[in-house]
Structures are given as structure tokens and as C-alpha cells.
Amino acid sequence: MHRRILLLTALIMLPPIAQSDESSRYPLVAVEDGDTVTIQVDGEIKRLQLDGIDAPEDAANPKLAKDIERTGLSSTSLLALGQAATTHLKRLVAPGDALEVAGDLAGSDRYGRIPVFISKEKLDLNAAMVADGYAVVLKRASIAPEIMAELSALQRQAQQDKRGLWGSHPEETLRWSGL
């Protein structure tokens, strides 16, 4: 058990997993949900998605409707998962924190978010949300294979150790995750 904790700590404390050598620091404006934050860049607010991961929705929106249909779970059950994920990310970062962002701030996903890797000091937020059991790895993510492998290993360990949602809502999380 100690060995697993040491390995997890080492992985989380490593420099952020990133696809790009370009990174910059920006102030956090808000945590939007468990995998989305807003930052301020030259006076403009940008929505960032923690690349390679997905957290449950914490508010009614088109993705929540898709998740309800796909999983057969109620909106109440899914929103409880999402609210827990959002609360956890808010424990890791707070408005005003300087976040290091690695990735291309010019691109965006289908939800208008910019997929990037984010760290606060030496804490890799993308990896921490998966390792802590509040997000899962996106199977269709276009991230480097070695990053996908690292995140997948963290996810398996979180599920095995019943961390986060895997412990508090195991059946719902399994259905939502599609594993």
C-alpha cells in the first residue's frame, strides 16, 4: 500500500504531463465544473478543458442529456457525481491562483473550450482529477500515447482503491464512465 501511495505521489508531483513545450502562467478566474476552468489572458476570459479527461456534468446541459440517455441514470444521480467532481477541483485550485497552462490557446473543442494541460505549482490538475477518482480518461482523446497510458494507469488505480467517485458512487460512476 505504501508503495502505491509513493508512486501516486511521485506521478502527481512530477512536472505537468504536456503535449507542448509552450506554457505560460495565467490567473484562474473560476472553476466551471470538474474538467473546465476559466482564466484571464490579456484581459480576455478563456474557457479551458483539462485535456484527455472527462468529469461528470454538474448542471443541466446538452452533454448531461446525452449522459442520461447513454447511461440510463437519472439527472439527480449524474448531477451528484458532477457536483462532487466540481467541488474536488475547487479544493485543488481557487480564483486568483496562478495556473501554468501547456497547450495551444488558439484551438477549441466542440463545446468552445480550449483543451490544455494545467498545473498549479507542481500539481498536474489533469492527472490529479483522474488519480483522485473524480474524472476518467477520454478514450477518444488526441493526446500522446504515453500520456494516455499514464492517465489510464492512474484511473485503474483510483478505481481499484475506490478513491473519489469510485468509492462514494461506484455503480453510478462505472455506468457513467462506460468502462
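Keep in mind the model is a prediction, meaning the values are calculated, not measured.

Visitor: How should I be thinking about the overall build of the protein chain in this particular structure?
Guide: In terms of helices and strands, the protein chain carries seven helices and eight strands. Expressed as a percentage of its 179 residues, the buried residues of the protein chain come to 46%. For the protein chain, the proportion of contacts with a sequence separation of at least 24, taken over those separated by at least 6, is 65%.

Visitor: What's the story with unusual backbone geometry in this structure? I'm lost.
Guide: Negative phi is the rule for most residues except glycine; trans is the rule for most peptide bonds. The backbone phi angle of Asp-42 is positive, close to 50°, even though this residue is not glycine. Structurally, Asp-42 can be placed in the loop between β2 (36-41) and β3 (44-50). Judged by relative accessible area, which is 79%, Asp-42 ranks as exposed. With a phi close to 55°, Glu-121 is a non-glycine residue in the positive phi region. Structurally, the position occupied by Glu-121 is in the loop between β6 (114-120) and β7 (123-124). A residue is classified by how much of its surface remains accessible, and Glu-121, at 61% relative accessible area, is exposed.

Visitor: Explanation requested: the packing of helix α3 (residues 75-92) against helix α7 (residues 170-177) in the structure shown.
Guide: The axes of two packed helices give the description: the angle between them and the distance between them. At a minimum axis distance of 11 Å, the contact between α3 and α7 shows a crossing angle of 95°. One finds that α3 runs roughly perpendicular with respect to α7. For the pair α3 and α7, contact is made by Ser-77, Leu-78 and Leu-81 and by Glu-172, Thr-173 and Trp-176, respectively. When grouped by side-chain class, the residues that make up the contact of α3 with α7 number three nonpolar, two polar and one charged.

Visitor: What is the right way to read α3 from this model?
Guide: An α-helix turns once per 3.6 residues; consequently, residues spaced three or four apart project the same way. Here α3 is 18 residues long and its end C-alpha atoms lie 26 Å apart, about the 26 Å a rise of 1.5 Å per residue gives. Considered for burial, the residues of α3 that qualify are Leu-78, Leu-79, Leu-81, Gly-82, Ala-85, Thr-86, His-88, Leu-89 and Leu-92.

Visitor: What exactly am I supposed to notice about the layout of surface pockets here?
Guide: Once rolled over the atoms, a probe with the size of a water molecule shows which space is left empty. In this model, the largest pocket occupies a volume close to 340 Å³. What lines the largest pocket is a set of 23 residues, among which Gln-49, Asp-51, Asp-109, Pro-115 and Leu-138 lie closest to the centre. Elements that contribute at least two residues to the lining of the largest pocket include exactly β4 (53-54) and β6. Looking at the lining of the largest pocket, its residues break down into eight nonpolar, six polar and nine charged. In terms of lining, the second largest pocket is formed by 17 residues, of which the most central are Asp-54, Arg-70, Leu-138, Arg-140 and Ser-177.

Visitor: Would you take a moment to explain the pattern of salt bridges for this structure?
Guide: Close approach of charged atoms lets side chains of opposite charge pair. With the rule as written, the count across this model stands at eleven salt bridges. Two residues, Asp-97 and Lys-120, come together in a salt bridge whose shortest N-O distance is 3.3 Å. Residue Asp-97 is found in the loop between α3 and β5 (98-102), and its partner Lys-120 is found in strand β6; the two are separated by 23 residues along the sequence. Assessed through its relative accessible area of 17%, Asp-97 is described here as buried.

Criteria and cut-off values
For every chain, the first residue of its written sequence is number 1, and the numbers climb from 1 along that sequence. For a predicted model such as this one, the threshold for reporting local features is a pLDDT of at least 70, and the threshold for listing and counting side-chain atom pairs is 80 or more; totals across whole chains, interfaces and linings nevertheless cover every residue. Heavy atoms throughout the structure, all of them, feed into the side-chain values; hydrogens and water do not. Secondary structure elements are taken from DSSP: a helix is a run of H or I of four residues or more, a strand is a run of E of two residues or more, and numbering for both begins at the N terminus. Accessible area is worked out with a 1.4 Å probe on protein chains only. A residue is then buried under 20% of its type maximum, exposed over 50%, and partly exposed in between. By the convention used here, residues are in contact when the closest approach between their heavy atoms is within 4.5 Å. Interaxial angles span 0 to 180 degrees and are taken between N-to-C directions of axes, which are lines fitted to C-alpha atoms, for helices over the stretch in contact. The labels follow the angle: roughly parallel below 35 degrees, roughly antiparallel above 145, roughly perpendicular from 65 to 115, and oblique for the rest. Classification used: nonpolar for Ala, Val, Leu, Ile, Met, Phe, Trp, Tyr, Cys and Pro, charged for Asp, Glu, Lys and Arg, polar for all others including Gly. Between the first and last residue of a helix there are one fewer steps than residues, each counted as 1.5 Å, and that sum is the expected span. Lining residues are those with an atom within 4 Å of a point, where the points come from a 1 Å grid over the protein atoms alone and group into cavities, where a 1.4 Å probe fits but cannot get out, or pockets, open sets with protein on both sides within 12 Å along at least five of seven lines. Grid points are joined across faces, edges and corners, and a volume is the space filled by probe spheres set on the points. A side-chain nitrogen of Lys or Arg and a carboxyl oxygen of Asp or Glu constitute a salt bridge if their distance falls within 4 Å.

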